[in-house]
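# Structure assessment
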Number of protein chains: 4
Amino acid sequence: MIATNGGQESGTRRIETFSDGVFAIAITLLIIDIGVPHVGESGSLFVELVHLWPSYLGYVVSFLVIGTVWANHHNRFRLISRSDQYLLFLNTLFLMCVAFIPFPTALLSEYIREDAHRTTAVAVYSGTLAVTGVLIALIWFYAVTNYRLIDRSVDPSLLPAMTRRYVFGMLSFILAFALAFVSPAASLALIVILVLLFVLPEPVGSRHARGTRRRSVGG
Amino acid sequence: MIATNGGQESGTRRIETFSDGVFAIAITLLIIDIGVPHVGESGSLFVELVHLWPSYLGYVVSFLVIGTVWANHHNRFRLISRSDQYLLFLNTLFLMCVAFIPFPTALLSEYIREDAHRTTAVAVYSGTLAVTGVLIALIWFYAVTNYRLIDRSVDPSLLPAMTRRYVFGMLSFILAFALAFVSPAASLALIVILVLLFVLPEPVGSRHARGTRRRSVGG
Amino acid sequence: MIATNGGQESGTRRIETFSDGVFAIAITLLIIDIGVPHVGESGSLFVELVHLWPSYLGYVVSFLVIGTVWANHHNRFRLISRSDQYLLFLNTLFLMCVAFIPFPTALLSEYIREDAHRTTAVAVYSGTLAVTGVLIALIWFYAVTNYRLIDRSVDPSLLPAMTRRYVFGMLSFILAFALAFVSPAASLALIVILVLLFVLPEPVGSRHARGTRRRSVGG
Amino acid sequence: MIATNGGQESGTRRIETFSDGVFAIAITLLIIDIGVPHVGESGSLFVELVHLWPSYLGYVVSFLVIGTVWANHHNRFRLISRSDQYLLFLNTLFLMCVAFIPFPTALLSEYIREDAHRTTAVAVYSGTLAVTGVLIALIWFYAVTNYRLIDRSVDPSLLPAMTRRYVFGMLSFILAFALAFVSPAASLALIVILVLLFVLPEPVGSRHARGTRRRSVGG
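Residues numbered from 1 in each chain as written. Chains lettered and ligands numbered in written order. Predicted model: local features only at pLDDT ≥ 70, side-chain atom pairs only at ≥ 80, totals over all residues.

### Things to note about the overall build of chain A
Along chain A, the regular secondary structure elements total eight helices and zero strands. Traced from its N-terminal end to its C-terminal end, chain A shows the element sequence α-α-α-α-α-α-α-α. Relative to its full complement of 219 residues, chain A shows a buried share of 50%. In chain A, the proportion of contacts linking residues at least 24 apart, taken out of those at least 6 apart, comes to 77%. (Helix = DSSP H or I, 4+ residues; strand = E, 2+ residues; numbered from the N terminus. Buried ≥ 20, exposed ≤ 12 C-beta atoms within 10 Å, placed from the backbone. Contact = placed C-beta atoms within 7 Å.)

Listed below in structure tokens is the structure:
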């Protein structure tokens, strides 16, 4: 009797639109933390610009992180076809982490060159990503348990592989956080490796709109 | 004779898209009010970061507030299937409040620790939410009166329960505003409770795209 | 032979999405020009906040202006069903004006209290709106001439009334610009009146998704 | 067996939505680099505003650049109907360049008047556009090779003309970068000319939703 505008499809459409907006803004806001350097007539603008390398590094790493997290969110909501109060709430907490990323990025760019503060800056940065990773995993666990919000036509054999992937991702980012206290450089290197790893195809070839029907991947 | 791109569905689609954009930007802009702390070689970045707790508090509360208001707006426009000039105008006033929220949030973060200014800061914050609550209720009252803009297939017995919910929400936020002058802490606590309350399912289980048909809830 | 994703509907869909994004961001960015006032222990935060009234005025007026321009753009693209290079270019110039509005708004808020600079500030503000009005009209003229981009099912008798409305709007904003040099207050008052006027229903009742079919309005 | 929400159409829909968001934000953020000038009672606000001309120039040129790049991206994804991991990654790198543009724009506005730093500022600006142009071309080359991600109903005779256009665009922006070291003014002029050139219709009249069927353009 309730008319849901557009039927089943609207189940997650506006969550996705809203989330896409937050992703797009968080990723684009990264640039406003790179301030134009001030240099006099006798100085070299080129030298000053080179000196800003930690800002570029933070911009590139965080852009890749948010872009990858977006792609993951994007793929996940191709399997999640319904939403409820709790998914909305978990998704809001998750977006709170994503929208927070520009802050630890600015922190990282500011303090990565200072021995006294590098550990703290990298720990806050990797800690933010670890919490984000936990929330991504929670969204998946909540949605997948008993097919609660998953499209019922999804092949069940695919789900354990995806769940393992989420557990792996979550634990890896927690490891990166722990590593920050031992070696900040190693922590950042692990983050970059993880981001590039997640660019690789998922166990499910679900990104191809065609040609994946009935292609079941052994879990 | 007038061609409305895509027929009835476009009745509120672009309002929703535009509103989602404003929500997404307002919620993401909250982060730019948390500035990177400046700390010398001898200071502790960790201590400085802990000292920023009012900024994190403001970020978290306002993020939950805007997220909840968004979810409510989202649910409402699943029942509102048509739009007119006045709905557009009310919605613009409503968005004006939502987009304003980053300002009282920054005010709250700046002055919550100062006894002399805490009451003013909390009153402006809760007052903004009270006005927002009034506008949400006005949009609902305008749309629901005589089924003016409501989807005609919506079960009439559901509407009084929703109207009561809006009146309750509006009065609660007005109470939070009044409470700011007695106890700023109590006012903020009430706001957090209200936000968490609104995370609970609505009287109408309208968020489930499936399985809610014909499930009428006694008003 | 060319596949246009989704056929005729995609003719203007992504222009609308992109424009909605620019509108939503420009309107939400207005808030970042209202800075949190700094006040010592002995000062009054309330007094300082009241002192910011030109910022609130600028925020409210520009929010209504951008909101109204958005609503107009929204209604227009319900009649415009196709796009071409030149529409895209005109729309880009138009969005350039919309995205520019936060700058004259900040200027207005900063200088409205100063006799020496009020005229300049109001002239820049109303001048920006005048140029915006000219571009809105140009988009309409370009689209409507020979039904170039207009949905062919639109009743021809409606178009002259709309064209008159655009010419009226354009001339009114140009008048507001001229008036700034005589009386800045009158110029601002005219802008507010125009914005409220455009909230009134259009000659075409095209915003009602239902009930407007075959209701032809005498031009 | 995998359910992709909405089937083939969703192949690139969310990439487009996300990209549109980044474009819209990057283009609108350009305004926040134009600060309100401070002027005393005795000064002239008009003179100060005129003095800001490099900021307006940067705003207009970058707005046209991002608007044109958006229109190009928009047209491209009408031919690209599928997506995969690598397209997502290339698109993320591409968006990283687009979102970066406000920084070199601010640099250009700040230093275009200073002989000592003009070359560096223009080189960074045109260099950013050159890298963007390379990535646009890479996306096309990746998608078009063996019809990897192109809609199979696209007329094959159109593709070589488009590929030439991308090579031409890419080389032209690289030329603008090289020219910056010889004559910054010539570099900027070339950029403006290129932007206006790309406003001209494409070899494929694919923007017209109607009337272009079977109109094959000789490659």
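### Observations concerning the packing of helix 6 (residues 118–144) of chain D against helix 8 (residues 184–197) of chain D
Residues and elements named next belong to chain D. The contact between helix 6 and helix 8 brings their axes to 9 Å, and the two run at 25°. By the criterion of interaxial angle, the relationship of helix 6 to helix 8 is roughly parallel. You can see that helix 6 and helix 8 cross each other, and the crossing is left-handed. On helix 8, the residues touching Arg 118, Thr 119, Val 122, Ser 126 and Leu 129 of helix 6 are Pro 184, Ser 187, Leu 188 and Ile 191. Here the contact of helix 6 with helix 8 is composed, by residue class, of five nonpolar, three polar and one charged. (Axes fitted to C-alpha atoms, helices over the stretch in contact; angles between N-to-C directions. Parallel < 35°, antiparallel > 145°, perpendicular 65-115°, else oblique. Left-handed = near helix turned anticlockwise from the far one by under 90°. Nonpolar A, V, L, I, M, F, W, Y, C, P; charged D, E, K, R; others polar.)

### Side note on the environment of Ala 24 of chain A
Turning to its location among the elements, Ala 24 of chain A is positioned in helix 1 (residues 10–29). Sequence-wise, Ala 24 of chain A and Pro 54 of chain A are 30 residues apart; in three dimensions their C-alpha atoms are separated by 22 Å. When near neighbours in sequence (up to four residues on either side) are disregarded, Ala 24 of chain A contacts Phe 18, Gly 21, Val 22 and Ile 25 of chain D.

### As for helix 8 of chain D
Residue and element names in this part refer to chain D. Helix length check: helix 8, at 14 residues, gives a terminal C-alpha distance of 20 Å against a target of 20 Å (1.5 Å per residue), a fit within 8%. All of the buried residues along helix 8 are Pro 184, Ser 187, Leu 188 and Ile 191. Here the buried residues of helix 8 occupy an arc of 95° about the axis, which is enough to place them on one side. Among the exposed residues of helix 8, those oriented more than 90 degrees off its buried face are Ile 193, Leu 196 and Leu 197. Check the buried side of helix 8 and you find it contacts helix 3 (53–76), helix 6 and helix 7 (159–180). (Expected span 1.5 Å × (residues − 1). Arc of directions from axis to C-beta.)

### Details of the environment of Leu 64 of chain B
Position of Leu 64 of chain B relative to the elements: it lies in helix 3 (residues 53–76). With sequence-adjacent residues up to four places away left out, Leu 64 of chain B is seen in contact with Thr 92 of chain A together with Val 195 of chain B.

### A look at the confidence of the model for chain A
Residue and element names in this part refer to chain A. Averaged over every residue, the pLDDT of chain A is 84; residues scoring 70 or more account for 86%. Low pLDDT, under 50, characterises residues 1–10; the stretch is placed with 30 contacts to residues that sit more than four places away or in other chains. As scored by the predictor, the complex reaches a pTM of 0.86 and an ipTM of 0.84. (pLDDT = per-residue confidence, 0-100.)

### Some thoughts on helix 7 of chain D
All names here are of chain D. Here helix 7 contains 22 residues, and its C-alpha end-to-end distance of 32 Å stays within 8% of the 32 Å for a straight helix at 1.5 Å per residue. Within helix 7 the residues assigned to the buried category are Met 162, Tyr 166, Gly 169, Met 170, Phe 173, Ala 176, Phe 177, Leu 179 and Ala 180. Tucked inside the fold, the buried residues of helix 7 contact helix 6 and helix 8.

### Digging into the packing of helix 7 (residues 159–180) of chain A against helix 8 (residues 184–197) of chain A
Residue and element names in this part refer to chain A. Orientation of helix 7 relative to helix 8, taken along the N-to-C sense of each, is 160°, at an axis distance of 7 Å. Comparing their axes, helix 8 and helix 7 come out roughly antiparallel. For the crossing formed where helix 7 meets helix 8, the hand is left-handed. For the pair helix 7 and helix 8, contact is made by Ser 172, Phe 173, Leu 175, Ala 176, Leu 179 and Ala 180 and by Pro 184, Ala 186, Ser 187, Leu 190, Ile 191 and Leu 194, respectively. When its residues are assigned to classes, the contact of helix 7 with helix 8 shows 10 nonpolar, two polar and no charged.

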